[in-house]
Each structure stands twice: as structure tokens, then as C-alpha cells.
Amino acid sequence: MKTELEERTKKFAVQVVKTVANFPKTADGQVIGRQLLKAGTSIGANYREANRAESRMDFIHKIGIAEKEAAETIYWLEICQECKLGAREVIDSLHKEAGELLAILITIGRKTKSSR
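Cut-off values and rules
Residues numbered from 1 in each chain as written. Predicted model: local features only at pLDDT ≥ 70, side-chain atom pairs only at ≥ 80, totals over all residues. Heavy atoms only, no water. Axes fitted to C-alpha atoms, helices over the stretch in contact; angles between N-to-C directions. Helix = DSSP H or I, 4+ residues; strand = E, 2+ residues; numbered from the N terminus. Parallel < 35°, antiparallel > 145°, perpendicular 65-115°, else oblique. Left-handed = near helix turned anticlockwise from the far one by under 90°. Contact = heavy atoms within 4.5 Å. Nonpolar A, V, L, I, M, F, W, Y, C, P; charged D, E, K, R; others polar. Expected span 1.5 Å × (residues − 1). Bend = angle between axes of the 7 residues up to and from the residue. Buried < 20%, exposed > 50% of the residue type's maximum accessible area, 1.4 Å probe, protein only.

Caption draft 1: Looking closely at the packing of helix α1 (residues 4–21) against helix α4 (residues 88–114). Between α1 and α4, whose axes approach to 11 Å, the crossing angle comes to 150 degrees. For the element pair α1 / α4, the angle class is roughly antiparallel. Crossing of α1 over α4 shows left-handed handedness. Across the interface between the two elements, L5, R8, T9, F12, Q15, V16 and T19 of α1 pack against V90, I91, L94, E97, A98, E100, L101, I104, L105 and I108 of α4. Tallied by class, residues from the contact of α1 with α4 come to 11 nonpolar, three polar and three charged.

Here is the structure:
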């Protein structure tokens, strides 16, 4: 069964893919696009893995990876903003969503760690 957050992270990944597809085919567009693509699509993949974890510690570890990917995605989106890569409204929207996803993942990780 898919969770609401699984669906949300998948929609985010799809938007990242569509956004990067429109980046210029220059060296900077391709390098930054590749990094954003890898990090932005990894959030949901790692969250899904966490939901299928074999133990509580495995869940905590995988949620931590999803958190790191979300933080990295925010970094690459900030680079896009400063270098004016991509449509500003789209990049700003992705940045906002990545921040919200990171906050949710941090909360999940903290609550899981503290519930013993």
C-alpha cells in the first residue's frame, strides 16, 4: 500500500525529471541537472525502502538517507536559483517542496528514534 508521502515524493521526482529535461545542453546545465536529478529522485526511492525496512534500526538508517538526499536536493536547487537555471517559478516551487519534504523526514526520523 502506497502512503501519502510515497505519492508526494514520487510527484516531486517526476517534476524534477521534467524540469531537468528542459535545462540547457551546456556543461553547467548537464552537470547540475544530473546532480539534481540523482538527489531529487532518490528522496522517494529511499523513503519507499524505509517503509519496507527489516527492522527499526534499518528504518532509521534509510530515513536518514532520504533526509540527506532532500538536503542535497535543496542545495542543487539553490545553485539553480543563483545560476538562473530552469524556470524560476518551477525551481522556487521545487525548492519549497524539497524543504517541506526534508522537514517531514526529519520529524519522522526524530520520532522514530525517540519512541523506544
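Next comes the rest of the account.
Caption draft 2: Quick look at helix α2 (residues 27–51). Across its 25 residues, α2 extends 37 Å between first and last C-alpha, which sits within 8% of the 36 Å expected from 1.5 Å per residue. Along α2, the helix axis deviates most sharply at S42, where the bend reaches about 30 degrees. Within the sequence span of α2, burial applies to G29, I32, G33, L36, A39, G40, S42, I43, G44, N46, Y47 and A50. Where α2 is buried, its residues contact α1, α3 (56–83) and α4.

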